[in-house]
Amino acid sequence: MPVTPTELPFSKRTLDNGLDVIVHEDRHVPIVAVNIWYHVGSKDETPGRTGFAHLFEHLMFEGSEHHNSGYFPPLQRAGALLNGSTNADRTNYWEVVPTGALDLALWMESDRMGYLLPALTRERFETQRNVVLNERRQSYENRPYGMAMMAIMAALFPPDHPYHWMTIGNVEDLQAMQFEDVQAFFRAYYHPSNASLVLAGDIDAARGFDLAERYFGELPPGVRPPAVAASSQLQAEHRLLLEDRVELPRVYVAWHSPAMFAPGDADLDLVGELLAAGKTSRLYRRLVYEERLAVDVSAHQGSREIGSFFLVAATAAPGHTLTDVTAMIDGEMRRLAVEGPAESEMERVVAQAEAQFVYRLQTVGGFGGKSDQLNAYNVLRGDPDYFAKDLARYRSATTESVRDAAARYLPVDRRVVLSVVPRGQAALALAGSEPVVVV
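Residues numbered from 1 in each chain as written. Predicted model: local features only at pLDDT ≥ 70, side-chain atom pairs only at ≥ 80, totals over all residues. Heavy atoms only, no water.

Asks: With reference to specific residues and values, describe the sheet that holds strand 12 (residues 434-435).
Replies: Taken together, the six strands give an open sheet; going across it, the order is 9-10-8-11-7-12, and neighbouring strands pair in mixed fashion. Two strands lie at the open edges of the sheet, namely strand 9 (294-302) and strand 12, each paired on one side alone. Relative to strand 11 (residues 415-422), strand 7 (residues 237-244) is paired through eight bridges, and the arrangement is parallel. Paired with Asp244 across the two strands is Pro422, which belongs to strand 11. Across the sheet, helix 9 (residues 265-276) touches strand 8 (250-257), strand 9 and strand 10 (308-316), and the angle it forms with strand 9 is around 170°. (Pairing = 2+ DSSP bridges. Helix = DSSP H or I, 4+ residues; strand = E, 2+ residues; numbered from the N terminus. Contact = heavy atoms within 4.5 Å. Axes fitted to C-alpha atoms, helices over the stretch in contact; angles between N-to-C directions.)

Asks: Could you give an account of the packing of helix 11 (residues 322-339) against helix 15 (residues 399-409), with specific residues and numbers?
Replies: Direction vectors running N to C along helix 11 and helix 15 enclose 130°, while the axes themselves pass 7 Å from each other. As far as their axial angle goes, helix 15 and helix 11 are oblique. Crossing angle aside, the handedness with which helix 11 passes helix 15 is left-handed. Facing helix 11, whose interface residues are Leu336, Ala337, Val338 and Glu339, helix 15 presents Arg403, Ala406 and Ala407. Partitioned by chemical class, the residues of the contact of helix 11 with helix 15 number five nonpolar, no polar and two charged. (Parallel < 35°, antiparallel > 145°, perpendicular 65-115°, else oblique. Left-handed = near helix turned anticlockwise from the far one by under 90°. Nonpolar A, V, L, I, M, F, W, Y, C, P; charged D, E, K, R; others polar.)

Asks: Go over the packing of aromatic side chains, please, and point to the residues and values.
Replies: Under the criterion given, the structure shown has 21 aromatic pairs. By way of ring pairs, the aromatic residues Tyr38, Phe52, Phe56, Phe61, Tyr71, Phe72, Tyr93, Phe185, Phe186, Tyr189 and Tyr190 are connected into one cluster. Cation over ring: Arg112 sits above Phe61, and NZ or CZ is 4.9 Å from the ring centre. (Phe/Tyr/Trp six-rings, centres within 6.5 Å; stacked < 30°, edge-to-face > 60°. Lys NZ or Arg CZ within 6 Å of the ring centre and 35° of its normal.)

Listed below in structure tokens is the structure:
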């Protein structure tokens, strides 16, 4: 077996206010990555009150009490790269700065963690709410196939399940938000006891901990939110129809699958690679290259903290039907569940997984870099020293474990099948599909 680096050395300390601080030293380049995760995402919202976590991704860049203006200009003038993102399970913010600008980055991060609300005005809230509503129109409502995942998640998970809604939030909920509710959401989730800070790069542990204490140590701890728990099951196949402004019909097939890091999660990651990663993958080869039934196909394990989903999607080629495409998908899925992958396929997909782990070690900052990886393991596993264990999940996968995962978690009789067809052409959907309205 090829040797893959599995060491991601670090030092960790928790401040008195509950903030986890992790330092990884890498002196190759005179830069430091500052990476903060808040353990809050759209799953921490409730029905009728969605979109809060993503809204704060915007508000956190608008200014805080001691820097009451845009967050980007001073850091960019210092040569920094910076960004942030929100998903169902977490919110992260990061900067990659020249070593000499580290104090600036930490001061600004600490100010928005501890002193955002004094600068949060009703006008600023209204402006960013409108920005989010416009983002929803651009990224979902007016994008071809953009509402498909909303329909799928709503069908996979019941209305009271925290994965029922998308991170962007529902329009009615965004419009109904009250300023006081937004303030309360910040107090509940954006504080040291619910956060993790990683410093990675041109810095040693002693200085990293000193700087963290200097800039964050005075902040009040807050109350750590309780863990979110929920479950969902499908008892039958649910066929849905969504008419959209699209040229070609597309089918989405979705299943419940094991939570992130749970048994079966890594195996289904590999199933996704086997089915649709690259031109030699099973579904691409059959659907796109050999039979030319589809113009594209994808498959992946959507790993999440309290329960995941596995998704296959394919767009029918002109002159072919979703019935033909779905029959081919089902045939390949059944074959995988019965026969399992060939040894050569396993070698390929495990090598691809190892390569992804190596890619994450190539940068100290940004999305997916070493600082982000350490925070992911710390927040979602409670163990930043999980890199080698995570890689071992893939290395230990076998033909039998992948076959068994496909057979157990991807049955044809317990899934959601969504046909997205051009408006006015409902007849192109799979037989038995029920129209669905997405809001």
